[in-house]
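Architecture and fold: a report
For reference, the chains in residue letters:
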Amino acid sequence: MKITPIVEILTITITCISTVACRRNDPSILIIGAGPAGIAAAARLLEKGFRNLTILEAESRIGGRIRSVKFGDAFVDLGAQWCHGEEDNAVYDLVKDLDVLKPSGTSKKFYHSSGERIDDELSHQLFDIMDSVYSANGNRLVSDDLTVGDYCVRNYNRTLYQKYAHDKRKRELALITIEYFHHRVLSYEGSFSWFEPAARNDYRDCAGNLMLNWNGLGYKTVLEVLMKKFPNNSRALPIDDKLFLNKEVTKIRWKRKSVTVVCADGSIYLADHVIFTPSVGVLKEKAFTLFEPSLPDVKNQAIGNIGFGAVMKVALLFSKRWWREETGFSFIWSENDKWSVLRDLPDDPSWLGRSWVTYLYAVETAENNPNVLFGWFTGNFIPLIEQLPEKDLVDGIDYVLKKFLSRSYQIIKPNKIIRSQWYSNPRFRGVYSFQTVRCRRGKGDTSANILAAPLTNVEENRPVVQFAGEATHPYYFSTVHGAIETGYREADALINLYSKHA
Ligand SMILES: Cc1cc2nc3c(=O)[nH]c(=O)nc-3n(C[C@H](O)[C@H](O)[C@H](O)COP(=O)(O)OP(=O)(O)OC[C@H]3O[C@@H](n4cnc5c(N)ncnc54)[C@H](O)[C@@H]3O)c2cc1C
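Residues numbered from 1 in each chain as written. Predicted model: local features only at pLDDT ≥ 70, side-chain atom pairs only at ≥ 80, totals over all residues. Heavy atoms only, no water.

So, the overall build of the protein
A count of helices and strands for the protein gives 16 helices and 25 strands. Its C-alpha atoms give the protein a radius of gyration of 24 Å, within 12% of the compact-globule value 23 Å for 502 residues. Projecting the C-alpha coordinates of the protein onto the three principal axes gives extents of approximately 80 × 50 × 45 Å. Residues counted as buried form 55% of the 502 residues belonging to the protein. Taking contacts inside the protein between residues at least 6 apart in sequence as the whole, the part at least 24 apart equals 75%. Total accessible area on the protein is roughly 21,300 Å²; 50% of this is exposed by carbon and sulfur atoms. Counting 63 positive and 59 negative side-chain charges, the protein places the centres of these two groups 2 Å from one another. (Helix = DSSP H or I, 4+ residues; strand = E, 2+ residues; numbered from the N terminus. Rg over C-alpha atoms; globule rule 2.2 N^0.38 Å. Buried < 20%, exposed > 50% of the residue type's maximum accessible area, 1.4 Å probe, protein only. Contact = heavy atoms within 4.5 Å. Areas by Shrake-Rupley, 256 points an atom, 1.4 Å probe, with all protein chains shown as cover. Lys, Arg positive; Asp, Glu negative; His and termini not counted. Charge placed at Lys NZ, Arg CZ, Asp CG, Glu CD.)

This is the structure in C-alpha cells:
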C-alpha cells in the first residue's frame, strides 16, 4: 500500500485501482495510532482473517497513553496505571486468568505544611467526606449546568460546617483541605480546573475493584495480551509486520474512492478504510489541517466541546527507602506556608501568587518497587511544570518532602527521576477526555457519539474514515477499557460490512 513520493502521481493511480478492485475480499485498512484502541482494532481484524492492514504510529514506540518504563526494580506507569473495575471491563476480561492484577488503595495520611501529621481519625473522616461528595456529583438530580467544582465546593463546605460546627480547629483544617480535594479530583477528571467538567455526566464505573494495579509488570501487559505475545509468544498475532513507527500522519484526504494518507516524512498510503485513533488533544490542535476536506461542522463542534487537560506524574528513585510501611503521603498547605514558599524559592515559577511546588499534592509508593515514590501534580500549571529543568524539579520536590515530612523522616534526594510530559507532547496534548457542560447542552447525540460517527463515501454509503479512541466511548471515556472497546467496535463494523458482501 505504501508509495514513495518520487513516483507518487503514477503509482497512486495504479495502487488505487488495485486496492479498490480487491476490496470485496481483502480491503486495505489503515489504522492511525498504536495505542490501546489501534492495537485492539488490529488484533480483532487479524483474528478475523483481514490481512491487508497497516498501522502508522507517530511515536518511536507503541502503547500511546500506556507507557510502562523499567525504573528501579520494576516497571512504572507514566500513563494509565489501574484497571478500573472487573465487570464489563475489556481489560479485566483479557487478563483475569493470568494472575497479573493486584488490588491497591489510596493512602489516607495527611500532613500539614507546618510538618504536623494529621491524626488518622480526622484524615479518614476527611477522605470519607471527599469520597462521598465526589461520588454523588454525577447524581441524576444535579443540573446539567453545574460543574464538578460547583457541586463539590458547595457540598463539601456544607458537610464540614455541619460536622465540625463545634470544633473550630478541625473545621479550619478541613476547610483548607479543599485545595487537596480539588487536586485529587483533577487526577480523576484529567482537567485543569474542576470548574470545567460537568457534574452530571455519562461516565460509568465498572462494578468490582476500581484500583487494580499491575504488580510491577506495567499496564503494557494488556497490550502484550491483546497481541497474543503474553503469556505465550508462539501464538503472537503478526501485528509487528503491519506496524510502522515514527510515521506521523499529516494529511487525510477522504473524499475520493480510496483514502490518501500523507506522513510527515513524505510517504503516502492509500486505503479503502482508515481507523483514526489519536486523542482529542491532537484533534483540537490539528483537525483543521489534518482532514481534507475539513470535518463536518458538527464534528468540529464536538471536538471543541469535549474537555481535555493534563495530569503529571514524576517517579523518584532513592538510593534507600526513607519511609516505612506507609503507602503514601498527602499534603495540606496553609495560606501562610504557601506565601512562605515564594520567599524561600524566589526564582521559581509562580502563578497568581502560588509557587509551582504547591501543585505537588501527594506522593505514593510503587508496586514491587521498594525505593520508588510517585509524585502527583495536577492543575493549570502543568504545562509549565512539565517543562522545568530536571534539577529545578528535583529541588522543588525535595523542598516539599522536607517541609512536610522531615519531622518524622530522614529525607534524602532522589538519585534518578522520570516524568510524564503528556501535555507538551504533540502526539497527545493531554491525558484523557471529560464531558464539559457544553457537551450536555445539545438536545441530540452526545459529543462522544458525534465524534465516533464515520466519514462516509456518499456514492457507495461506505465508511471511509472511522473514529476510535477513548473519547469516542459514550460512557467508558478516559479509560483503557473504553479505548479497547472502541477499537473492537470499529473493527467489528468492518467485519460486519464485509461479511455482508462475502
Ligand atoms: C497520566 C495518565 C494516567 C491514566 N490512568 C489511567 C488508569 O489508571 N486507568 C485507565 O483505564 N486509563 C488511564 N488513563 C487513560 C488511558 O491511558 C487512555 O484512555 C487510553 O490509553 C487511550 O487510548 P487510545 O488508543 O484512545 O489513545 P492513545 O493511547 O493516545 O493512542 C493514540 C496513538 O496515536 C498516536 N498518534 C497521535 N497523532 C498521530 C499522528 N498524527 N500520526 C500517527 N500516530 C499518531 C499516538 O502517538 C498514540 O500512540 C491514563 C492516561 C494518562 C495519560
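Remarks on the pattern of salt bridges
Throughout the structure, instances matching the rule amount to 29 salt bridges. Between Asp240 and Lys229 there is a salt bridge, with its nearest N and O atoms 2.9 Å apart. Of this pair, Asp240 sits in helix α9 (residues 239–242) while Lys229 is found in the loop between α8 (220–226) and α9, placing the two residues 11 residues apart along the sequence. Members of the salt-bridge network, linked through shared partners, are Glu59, Glu248, Glu285, Lys286, Arg427 and Arg429. (Salt bridge = Lys/Arg side-chain N within 4 Å of Asp/Glu carboxyl O.)

Focus on the site of the ligand
Close contacts around the ligand come from 37 residues, with Glu57, Arg65, Trp82, Glu470 and Val480 the closest. Within the backbone of Ala37, one N or O atom sits 2.9 Å away from an oxygen atom of the ligand. The separation between a nitrogen atom of the ligand and a polar main-chain atom of Ala58 is 3.1 Å. Sorting the residues of the shell around the ligand by element identifies α2 (36–47) and α16 (480–501) as the ones contributing at least two each. (Near = heavy atom within 4 Å. Polar contact = N/O pair within 3.5 Å; in protein donor to acceptor, adjacent residues only side chain to side chain.)

Thoughts on the side chain of Lys247
Relative to the assigned elements, Lys247 resides in the loop between β9 (243–244) and β10 (249–253). With relative accessibility at 9%, the residue Lys247 sits in the buried group. In this structure the side chain of Lys247 is engaged in a polar contact, spanning 2.7 Å, whose partner is the side chain of Asp265. A distance of 2.8 Å separates polar atoms of two side chains, one belonging to Lys247 and the other to Ser267.

A closer look at the sheet that holds strand β3 (residues 53–56)
Strand order in this open sheet of six strands is β9-β3-β2-β13-β25-β24, and the pairing throughout is mixed. At either margin of the open sheet sits one strand with a lone partner, and together these are β9 and β24 (455–457). Summarising the sheet, strand β2 (residues 29–32) and β3 pair through four bridges and their orientation is parallel. Bridging from a neighbouring strand, Ile29 pairs with Leu53 of β3. With respect to the sheet, α2 is in contact with β2, β3 and β13 (273–276), its orientation differing from that of β2 by roughly 155°. (Pairing = 2+ DSSP bridges. Axes fitted to C-alpha atoms, helices over the stretch in contact; angles between N-to-C directions.)

Examining the nonpolar core
With 46 residues, the main nonpolar core has Phe110, Leu126, Met130, Tyr156, Phe181 and Trp194 as its most contacted residues. When residues of this core are traced back to their parent elements, those giving at least two are β4 (68–71), α4 (120–135), α5 (148–163), α6 (168–176), α7 (178–189), β16 (311–317), β20 (360–366) and β21 (369–378). The greatest single-element share of this core, amounting to seven residues, is contributed by α4. Contacts of Tyr156, omitting those with residues within four sequence positions, involve Leu126, Ile129, Met130, Val133, Ala174, Thr177, Ile178 and Phe181. Ala40, Leu45, Val480 and Tyr488 belong to the second-largest nonpolar core, a separate cluster that totals 45 residues. (Core = buried A, V, L, I, M, F, W, Y, C linked by side-chain atoms within 4.5 Å.)

Re the domain arrangement of the protein
Here the domain parsing of the protein yields domain 1 (2–64 + 219–307 + 432–501) and domain 2 (106–210 + 311–385 + 387–420). Domain 1 and domain 2 are separated by 37 Å when their C-alpha centres are compared. On the side of domain 2, 19 residues touch domain 1, which itself brings 16 residues to the contact. Carbon and sulfur atoms make up 53% of the surface buried where domain 1 meets domain 2, a total of about 1,500 Å² over both sides. Contact with domain 2 buries surface across domain 1, with Tyr432, Phe434 and Arg440 losing the most and accounting together for 43% of the total. At the boundary of domain 1 and domain 2, one finds zero salt bridges. On the surface where domain 1 and domain 2 come into contact, there are four residue pairs in polar contact (both at pLDDT 80 or more). Of the residues in the side of domain 1 that touches domain 2, the class split is seven nonpolar, seven polar and two charged. (Domains from an automatic or database assignment. Buried area = accessible area lost by both parts, 1.4 Å probe. Nonpolar A, V, L, I, M, F, W, Y, C, P; charged D, E, K, R; others polar.)

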